Structures are given as C-alpha cells and as structure tokens.
Amino acid sequence: MMFSITQLFLFVLSLKFVQSTPLAQRSTSYNQTLLPWERTSSTGYGTLTTQVQDNGAVLRVTINNPPINLYGVKLLNDMSQFLNSLVPGSTNVSTPAPKVVIFASALPGFWMSTTNPYDTATSNALFNLAVAAPALLRTLPTIFIAEIDGRATGSGNEFLVQCDMGFAGPDAIVGSLEVAIGGLEGNGGIQYVVRRLGMARAAEYLLSSASLDAETAAEVGWVNRAYKTSQQLTTSVNALASRIALFDAGALNATKTGIRANGPSSDQVAADIASILRLFPEEQVLLPKWLTLSQNLTANEFTLGALRSVGEVEKLYQ
Amino acid sequence: MMFSITQLFLFVLSLKFVQSTPLAQRSTSYNQTLLPWERTSSTGYGTLTTQVQDNGAVLRVTINNPPINLYGVKLLNDMSQFLNSLVPGSTNVSTPAPKVVIFASALPGFWMSTTNPYDTATSNALFNLAVAAPALLRTLPTIFIAEIDGRATGSGNEFLVQCDMGFAGPDAIVGSLEVAIGGLEGNGGIQYVVRRLGMARAAEYLLSSASLDAETAAEVGWVNRAYKTSQQLTTSVNALASRIALFDAGALNATKTGIRANGPSSDQVAADIASILRLFPEEQVLLPKWLTLSQNLTANEFTLGALRSVGEVEKLYQ
Amino acid sequence: MMFSITQLFLFVLSLKFVQSTPLAQRSTSYNQTLLPWERTSSTGYGTLTTQVQDNGAVLRVTINNPPINLYGVKLLNDMSQFLNSLVPGSTNVSTPAPKVVIFASALPGFWMSTTNPYDTATSNALFNLAVAAPALLRTLPTIFIAEIDGRATGSGNEFLVQCDMGFAGPDAIVGSLEVAIGGLEGNGGIQYVVRRLGMARAAEYLLSSASLDAETAAEVGWVNRAYKTSQQLTTSVNALASRIALFDAGALNATKTGIRANGPSSDQVAADIASILRLFPEEQVLLPKWLTLSQNLTANEFTLGALRSVGEVEKLYQ
C-alpha cells in the first residue's frame, strides 16, 4: 500500500485532531466499578492490568500481551484507551488521577516489542493511535516511569524513551531495529534518543540498529540507571515513585512542562513521521523476511537475538 | 499574596527593564578606593569578599552569609551589585574587569542556599534582582566558575548551574528542593539542569527533589568534576582560571557567546518564571512548615539533611 | 587584512552559493578510470587515498599530508573535491556512492591538524572551501566515521566533531587550540562540541584550549569510544561500518536527517563564522609567535605538545 501526498496531509491534520478532540466523546469499555484508569485482565483486550499503590497516587501498569508484548492491535488499543483516561477533564470521577504511572511487564524477556508495521502503516486508525500515544506521554501531567527488565525494541523503545524516565533490570535490552528493517525510529524516537545519548552516540546505535544491555544503556544515558537484580529494580522504582507522589501535583506538572519544553518541536516529529510513510514501500521488501525469520513475531531464537549479531542481520538481506 | 495577570505582565516588562537599564544610573555603595568589583567585609552588606589573583585577571569571590549562606535580602543585594559592576561600560575605571570570576564559600557545609520565598515572591524589587542575577551570569563576558564544597540547593543550585562551569569538593551537595516545597526550579534552573543532565535524569532528580553528593553530581554532569579533597578542588580551579585568564578577552567572549546560544530562550525562562508566580499560592501552604522544621532557615538537622531522606520529606506533608 | 561589513555580507551570500551550486559544473581532476570518489596518491594534491571495502558500500579514506596533516591549501582542496564527489547527482556514474566513509590517517601522531589561519582568513576561495566542508559532512546522505589515532586539533577537531561519529585509538588527542591563539572554534565546531559534551564541559575545554587524551575524550563524549590498541580501533570501526552498510540507504539517510535536525541552525553557524572574521585582527598579534614556536607548523616539540602545558601556552603570550 502507498500513501499519496494528500493522504499524508489528511493524516497530519487527523493527528492534530486526535490529540485535541475532547476525550469525553470517546467510547470507553472499562468496567464501571473501576476507576477510569484501572484495568483488570477482563477490561479492553486484557493486555494491561493495574495495581494501585500509595493510596492511588501511584499506579503500576503491567503489560501482558504474550508471547512478546507485541505493540500490535490489542496492546495499542488498550494503551491508547488507558493514556486517554488520564487526560484531565476526560472523565467525571472526582478521584484525582495518579500522579505517577509505572510501566512494567508480566513477561520475562520482554518489556514492549515493536509494532507489526503492516498493521500500523496500512490502517489509518491504528497509525493515528500509534502516533498519539507518545504525544500523550509527553504532554500529560502524569509522571511516567518505564521499569524495564526485558526487550524494549522498535516501537517499544520509542515508548520507553518518551516516558519521563526509565530504569533497567538485568534482563533489559534496549534499541531500535527500524533501520535494519528499512525504516526509522520515527514518531519522536530518534529525537528522544538524541536527547538521551547525544547526536554521535545516537548515530552509532540507531544507524547500526544495535541493541544494548542494561549496563551499557545506563552508561550512555539510554536509561537513567541499571540495577543488578530485578528486585532492586522494582524496589527502587517504587521508592522513587512514592517520593515523587508525595509532592504537589502543580509543582510536578510545572516541572515536567519545563523539562519537556526541550523535546522536539511538533514540526520535527511530523517530519520524522512523514519519513516513515515515505520509506514504507522500501520496507515492504524486507518485512516478509522479517516475519518469516521471527516465525510471525514470536519469541523464537531470531526474535530473542534482537539483531545483536551481524549473522542475524545478514539473514534479513539474503 | 496573589498576582494578577496584569501584575505578571508588568513584572515581565520590568524584567526587561532591569536587564537593559544603564548600570551607571544605579546607586553604588562600594568603597571608592577599591575597584568597582572589589569587596571587603565592610562593603554592601558584607556577604561577599573578593581576592585578586593573576594580576587582576582572576577574581575569587567568597560568599559569607552565616549561618547557611541564605540567598536572601542581603546576599541577593550584594550579589546583584557585584554582577552589575562587571557590566562593560558600567563604570568609568580604566582597569579591565576580571576575565574569570570564581565563586567560593567561607562557610563549611554551605555554598549557597535557597532564597526565602516569602522575601522574593512578595517584594517586586527583590524578585527582579533574583531574576536578573542568573541573566547576568549567562550574558556577561566574564567566565564564571562555581567552586562548591557545601550545599548548593534551591536558588543556590539555580545560580550554580547557570555559571559557565562548576567543580565540586568532597562536601558538596547539589540539588533542587523546590518541588518538595510546592514550587519549581524556575528562572533558568530547570533549563540548565536539563542541559547538564539530559531530560530523563533531570526529571528523576528535579521531580523527586533529590540532592546529590559530589561524586554522583560529576557522574551525571551536574558539575564538571569532583575532587577528593577541598585543597585539590581549590588548586585545580585556580589553575584552570589562571590558564583561561591568559587568553584574549575577545576570544573568550566569542566562545562563551557561541556556547550560550544553546541556552534556553528568554521566552522559555519567562514561562518558567510565570509558573513560579502561578504556584506561589499553593506553595504558601507548605512554607510555614518548612520554616518551622528548619528553625527559620538555620543550620539545624532538617536543613543539613537537604531533604535526602523520605522521612524528612514526609514531615513537610504531615 | 580586515573585512568590511559588506565583505562579510558578500561572504555569507557566497556561502549559500557554494553549498547549493550544481556540483557538475565544478572542475574535476580525478583519474577517469577511478570512480568519482576514489583517490590515489596521484589524484589532486595526493593528500587523500581511498580503499574500497564491502563491495563499495564502505570507503576508507586515508589522510596523508606530512608532516602534520595540516588542513591547509592542499588537503582542503582535496577534501573539498572528495566531499563534493559524494553529492547526489553530481556525477553521471551509475555506481552508487558509498554508504559509509571512514576517515583515517597515514601519519603517526596526527589525524588532522588545524588550518594555517593566514591561508584561510586571507583568501576568500579557501575560506569558502573551509566553511563548505563541514556543511557537507552535516548534509550529505553518506555516514561519516572519524577513526582517530593521533592529534585532531583546531580545524581538524571541527572536522571530527561534525562527522556523524568518532572513535579513538591510544594515540588520539582531541581539542581546540583556537582560543589560545585568539580565535574561536567556529564554523560549527563550538556548536557540535556543546552537543557532545554539554555546555559546562564544552566551556571548560574550549575556554581553556585544553586537549584531551582518548580515554578522557570518550568519558566526556567527545568521541563515541576509546580503544586500547590501534588494531582494535580499526577492526571495530570496520565492523561497525560493514554493519551500517548492510542497510537500506533511504533508512540511513532518513535517520541521519532526523539526528542532524538537532544540529545548530545555519544562522548560528553564520554567527560563529562572523566572530572568526571579527577576531582575526586580534589573532594576528599571536599568529607570528605561533608560527615561530611551531617552526612553521611542523611536528616539533611545541606542535606535539598541543598546548597541553601552561608553559607552552605562556610562550605564546611572552
């Protein structure tokens, strides 16, 4: 499938619309006995569950979309609905939204994987959801902490780097696979990787589609810090979240706003998104091989390798 | 006390005025036998003394405002007058101003503390001085080095991160306390912390109102480097200052200007200042407790703790 | 020689022209049996030779301008012609240009030295070439890797930091000497050093005209990484280049473009260049001494010292 300039234009327009439309108009499918941002395994597609901490000031969100936490149709819909539930004024409950949200994973080995580009690039609705999610991470007053102890690659990495901060456990692997598959870490990904690593190291890792272990990721600033055990990771993230959640919501929001003023302009994000669409036809040459090698995006040897060896990369190009 | 939109407008206007008014029109109280930038314990409020090094090319400024080097009425006035004495053309002495200024402290345990928000937020004159000081650090041709071997917190940290560089000794503690007290590290503080640490680490430390020891501060880039002893700190800072002071003033100025082009826009600084004023009513709920706990901003156990334990933070919210 | 405002204006105009004129109109002196970007010791001034790797997807360029790889008339002309040969559409060969270019040196102790400011500041043609070269590093689709195992100082450092990435061997020394000689690391140099080190560390090293060894350079981010042996350096750079060269050219180009969007604005680069011209008269006081001390820019003790000791710096000012 190809996109015309007109479609691109309409898409960029729709983008703005997605971000500014009153959330109250949206359909909601959450259980009415839960608070709007609460999820059980039976809400939505069941890929997100929530756990209230610190009397509701902190919310732990666990991603559970086996086998690899693919950021595909189900997770994308659940995540989108969840993030929208945090938009101020979007619901009519009087309970204040959590000040801090922690994103963790229920699956060993995976925090959040990529999308299936066929899904997002060929469905306007999904593409719009995929674009809108990081925008909400950037602009919502909520403080987002990524607690990663598995693979955060591709769109999963785009999501990670646009959280306010990220902490890694021993099994974390972060990185972009996009260039290897003929695409780019667009939608804010490149821009936030540059802000965490600087231009030269961003070039090294993004252009080579390399993925990094927790220790290296912390050294170059891809994550804030690496912990030696999963338990230390969770304990430390909880302690940080609890401390932040003590403070005045206005002070947190003003500080987040001041920090985020250093993020990319919406023009720059739109330019990167336009590159994604422009490259999609080229990408389609590689995608069938990628799907075959990964046995349709499941946790086989190829997927677990996260393109870390040149041998794996070469298979894509044979 | 509250601020109307009009007051805010007038304030922002006044800001520009403070920064651009000819300095020669200002009152000066320094001893006429000293050069305009020289200070003894009997000039101004006596919170700053100066020592000439390298035949006047380097000036060591020692902050001495017991018990905690509060950046309050006295220090703020002295600092403001001092910085203004460095403005080119502001005085009619023919001696060139020092090329390098080192800020150090006479008090063990403290480099420069916060302001008392009651003073600055309720007096337009003081607020304008507080706003104008970092602007002078950014724009004066002088190279400013912070030599810190004690607490640099709150406004003291805002001052530190807006110097051209900073070096830490073993007793240095840096950090923002603002969010914990319901405010934000505005007036350039957030923006320069982001430039030193990146967005993700700035978020971690600013949102949790954490303070860091010298070693950690150097690791994350909050200061340029940490030294193991106070003597190494002073020796190294003096050596660096002497070397810089050898060079042509035009070359130094052009380089500083090129570097500072990467600082925040004046619009962004103004937006953060507007947030300070907007949050002040909320902050007033916490301030009485803060003053009580710190025994009116003296060097008691609470102040020395610099909010490093959660227990201390919780006392503010009980 | 002085520059009037008009000359400066004409110069800035000419800049734009240099960067946008169709390259096909330029004279070429390369051997017609070679591909446009290939060089032997008999092409141009012979200061660059090339070696094809990875079936032409990677090109290793070796700088060889004894005794110190001065970035003077010869190297500047050769480099300019080489970079222009990579401009898409500039030649009519059907062979695609290399995706990755590695810059290495044939001379022990030197990667690329400074220009002779007399040459560049007093010849409009040379000055324009010097200005245009880093602009091509920033904008060409080629990925540029600096493999440095000797001195990269002055303009050589400006070139280094504007490559997409840089890796250092045990004999690498990086740094700016400009401030010591009365100038500034303009033409993008300051701006890219700030992007690699942050403002505070950029201030420390640029204002003191310090040069750093490989280990320190990697710690502060001046280069991506330091290797303990020259062989490890070359092996690792080749492996990285080979991996990048596997990928789709469009994906690489879109990613480089996204990263480079974080580079300085052309206005800022032009402002720094204007500072170079403004400072040149002051610089001329120091230049004769610099030429004498370096025995006309040869590899004597003074040159090898790279102004690392204060004693060396002081000789310039005696």
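Residues numbered from 1 in each chain as written. Chains lettered and ligands numbered in written order. Predicted model: local features only at pLDDT ≥ 70, side-chain atom pairs only at ≥ 80, totals over all residues. Heavy atoms only, no water.

Between the two chain copies there is a screw-like relation: a rotation about an axis and a shift along it. Of the two same-sequence chains, chain B is brought onto chain A (RMSD 0.0 Å, axial shift 0.0 Å) by a rotation of 120°. Overall, the copies show the geometry of a three-fold rotation axis. For chain B, the minimum C-alpha distance to the rotation axis belongs to B:Gly198 and amounts to 5.2 Å. Mapped onto chain A, only 3% of the interface residues of chain B are again interface residues, and the two copies thus contact each other with different surfaces. (Least-squares fit on C-alpha atoms with pLDDT ≥ 70 in both. Contact = heavy atoms within 4.5 Å.)

What follows deals with the sheet that holds strand β5 (residues 143–148) of chain C. Residue and element names in this part refer to chain C. If you walk across this open sheet you meet the 6 strands as β1-β2-β3-β5-β7-β10, and the pairing is mixed. Two strands in the sheet have a free side with no partner beyond their single neighbour: β1 (48–53) and β10 (225–226). For β1 and strand β2 (residues 58–63), the ladder comprises 6 bridges, and the chain directions are antiparallel. Each residue of the ladder has a partner; that of Gln 51, found in β2, is Arg 60. Strands β1, β2, β3 (100–105) and β5 of the sheet are contacted by helix α2 (residues 73–85), whose axis makes an angle of about 35° with β1. (Pairing = 2+ DSSP bridges. Helix = DSSP H or I, 4+ residues; strand = E, 2+ residues; numbered from the N terminus. Axes fitted to C-alpha atoms, helices over the stretch in contact; angles between N-to-C directions.)

With an omega of 5°, the peptide bond running from A:Pro66 to A:Pro67 counts as cis. Note that A:Pro67 resides in the loop between β2 (58–63) and α2 (73–85). Of note, B:Ala306 is a non-glycine position whose phi angle comes to about 50°, a positive value. Tracing the backbone shows B:Ala306 in the loop between α12 (301–305) and α13 (310–317). With relative accessibility at 4%, the residue B:Ala306 sits in the buried group. (Buried < 20%, exposed > 50% of the residue type's maximum accessible area, 1.4 Å probe, protein only.)

The next point concerns the interface of chain B and chain A. Chain B puts 35 residues into the contact, and the matching count from chain A is 30 residues. Linking chain B with chain A are 1 salt bridge. At the boundary of chain B with chain A, the tally comes to 13 residue pairs in polar contact (both at pLDDT 80 or more). Among the elements of the structure, α6 (189–197), α7 (199–207), α11 (266–293) and α13 of chain B are those that each provide at least two residues to the side of chain B that touches chain A. Broken down by class, the residue content of the side of chain B that touches chain A amounts to 18 nonpolar, 9 polar and 8 charged. (Salt bridge = Lys/Arg side-chain N within 4 Å of Asp/Glu carboxyl O. Polar contact = N/O pair within 3.5 Å; in protein donor to acceptor, adjacent residues only side chain to side chain. Nonpolar A, V, L, I, M, F, W, Y, C, P; charged D, E, K, R; others polar.)

Among the nonpolar cores identified, the biggest contains 294 residues, and A:Phe103, B:Phe103 and C:Phe103 are the most heavily contacted of them. Contact partners of B:Phe103, with chain neighbours within four places excluded, come to B:Val61, B:Met79, B:Phe82, B:Leu83, B:Trp111, B:Leu137, B:Phe144, B:Ile145, B:Ala146, B:Glu147, B:Phe159 and B:Cys163. (Core = buried A, V, L, I, M, F, W, Y, C linked by side-chain atoms within 4.5 Å.)

This part covers the packing of helix α2 (residues 73–85) of chain B against helix α4 (residues 124–139) of chain B. Residues and elements named next belong to chain B. Put simply, α2 and α4 touch, their axes get as near as 10 Å, and they point 40° apart. Taken as axis vectors, α2 and α4 run oblique relative to one another. The crossing of α2 and α4 is left-handed. Facing α2, whose interface residues are Val 73, Leu 76, Asn 77, Ser 80, Leu 83 and Asn 84, α4 presents Leu 126, Leu 129, Ala 130, Ala 133, Leu 136 and Leu 137. Residue composition of the contact of α2 with α4, grouped by class: 9 nonpolar, 3 polar and no charged. (Parallel < 35°, antiparallel > 145°, perpendicular 65-115°, else oblique. Left-handed = near helix turned anticlockwise from the far one by under 90°.)

This paragraph deals with the side chain of B:Thr153. All names here are of chain B. By secondary structure assignment, the location of Thr 153 is in strand β6 (residues 150–153). We classify Thr 153 as buried; its relative accessible area is 6%. Setting aside anything within four residues of it in sequence, one finds Thr 153 in contact with Met 112, Ser 113, Thr 114, Ile 173, Gly 175 and Leu 177.

Residue and element names in this part refer to chain B. Applying the stated criterion across every chain, the model contains 22 aromatic pairs over all chains. For the ring pair Phe 103 and Phe 159, a centre distance of 5.2 Å and an interplane angle of 75° mean the geometry is edge-to-face. With Phe 103 in strand β3 (residues 100–105) and Phe 159 in helix α5 (residues 155–162), this residue pair connects regions lying 56 residues apart in the sequence. As far as the burial class goes, Phe 103 and Phe 159 line up, both buried. (Phe/Tyr/Trp six-rings, centres within 6.5 Å; stacked < 30°, edge-to-face > 60°.)

Time to look at the side chain of A:Arg201. Here A:Arg201 is to be found in helix α7 (residues 199–207). Here the side chain of A:Arg201 touches C:Ala218 through a polar contact of 2.9 Å, landing on its backbone oxygen.

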